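Notes for the structure review
In case you want the letters, here they are:
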Amino acid sequence: GLSHDETLLLLNAGYDVAGIAETKGIKPRTVYTHIVSLIRQDKLTDFSTVITREQYTRVMTLARENPDKMWDILEKEMPDGLPNVALAISDFLLRQKEKK
C-alpha cells in the first residue's frame, strides 16, 4: 500500500528504521513489517541499511540450529521485527537463485 511505498521512499532517502518510525508516527516494528512486505514483493533489494551481515547470519544460524528457541533468544538481542527481515531476505535470495 501507500504506507509501504512511503517507507521505501524514506529508506531510499537514507532514513533508518527509527527515523522512518518517527517521521511517519508509527512503531519501529511496523516499519520492519513494511520492509518485510517490500522484500517479499522484490521492491527492496538492498538491505544494507536495515540489517547487518552479522545480524542476518545470527538469525539464519539460530533458524537452522535452534528453531524452537530462536524467537525467545532473538527478542533479547534484536529489535522486534528484525528477525522477520532476515527471514524475508533469505526467501528473496532463494527466489533470485531459482531465477538463474
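To be clear, the structure that these remarks concern was listed above.
Right, let's walk through the structure included here. Since the model is a prediction, treat every value here as computed from it, not as a measurement.

Under the counting rule described, the total for this entry stands at 7 salt bridges. Residue Asp42 is joined to Lys99 by a salt bridge in which the shortest nitrogen-to-oxygen separation is 3.6 Å. Separated by 57 residues along the polypeptide, Asp42 in the loop between α3 (28–40) and α4 (53–65) and Lys99 in helix α6 (residues 82–99) bring together distant segments of the chain. By relative accessible area, which is 58% here, Lys99 ends up exposed. Here the salt bridges do not stand alone but share partners, grouping Asp42, Arg95 and Lys99 into one network.

One way to put it is that α3 packs onto α6 with a least axis distance of 9 Å and a crossing angle of 5°. Here α6 runs roughly parallel to α3, going by the angle between their axes. Each of Arg29, Tyr32, Ile35, Val36, Ile39 and Arg40 in α3 lies in contact with α6, whose residues at this interface are Leu82, Asn84, Val85, Leu87, Ala88, Ile89, Asp91, Phe92 and Arg95. Split by residue class, the contact of α3 with α6 holds 10 nonpolar, 1 polar and 4 charged.

The volume enclosed by the largest pocket comes to roughly 170 Å³. Together, Asp46, Phe47, Ser48, Ile51, Thr52, Arg53, Tyr56, Thr57, Ile89 and Leu93 line the largest pocket. Contributions of two or more residues to the lining of the largest pocket are made by α4 and α6. Here the lining of the largest pocket gets 3 residues from one element, more than from any other, and that element is α4.

Rules used throughout
Throughout, residues of each chain are indexed from 1 in the direction in which the sequence is written. In keeping with the model being predicted, local features are shown solely for residues with a pLDDT of at least 70 and side-chain atom pairs are shown and tallied solely at 80 or more, while totals for entire chains, interfaces and linings include all residues. To get the side-chain values, take all heavy atoms of the structure and skip hydrogens and water. Any Lys or Arg side-chain nitrogen located within 4 Å of an Asp or Glu carboxyl oxygen qualifies as a salt bridge. Put simply, DSSP H or I for four residues or longer makes a helix, DSSP E for two residues or longer makes a strand, and each gets a number counted from the N terminus. Only protein chains enter the accessibility calculation, which uses a 1.4 Å probe. A residue is then buried if its area is under 20% of the maximum for its type, exposed if over 50%, and partly exposed in between. Each axis is a line fitted through C-alpha atoms, taken for helices only over the stretch in contact, and angles between the N-to-C directions span 0 to 180 degrees. Small angles under 35 degrees read as roughly parallel and large ones over 145 as roughly antiparallel, with 65 to 115 read as roughly perpendicular and the rest as oblique. Any two residues having at least one pair of non-hydrogen atoms within 4.5 Å are treated as being in contact. Each residue is assigned to one class: nonpolar for Ala, Val, Leu, Ile, Met, Phe, Trp, Tyr, Cys and Pro, charged for Asp, Glu, Lys and Arg, and polar for all the others, Gly among them. Two kinds of site are reported from a 1 Å grid over the protein atoms alone, namely cavities, where a 1.4 Å probe fits but cannot get out, and pockets, open sets with protein on both sides within 12 Å along at least five of seven lines, and residues are called lining when an atom falls within 4 Å of a point. Grid points are joined across faces, edges and corners, and a volume is the space filled by probe spheres set on the points.

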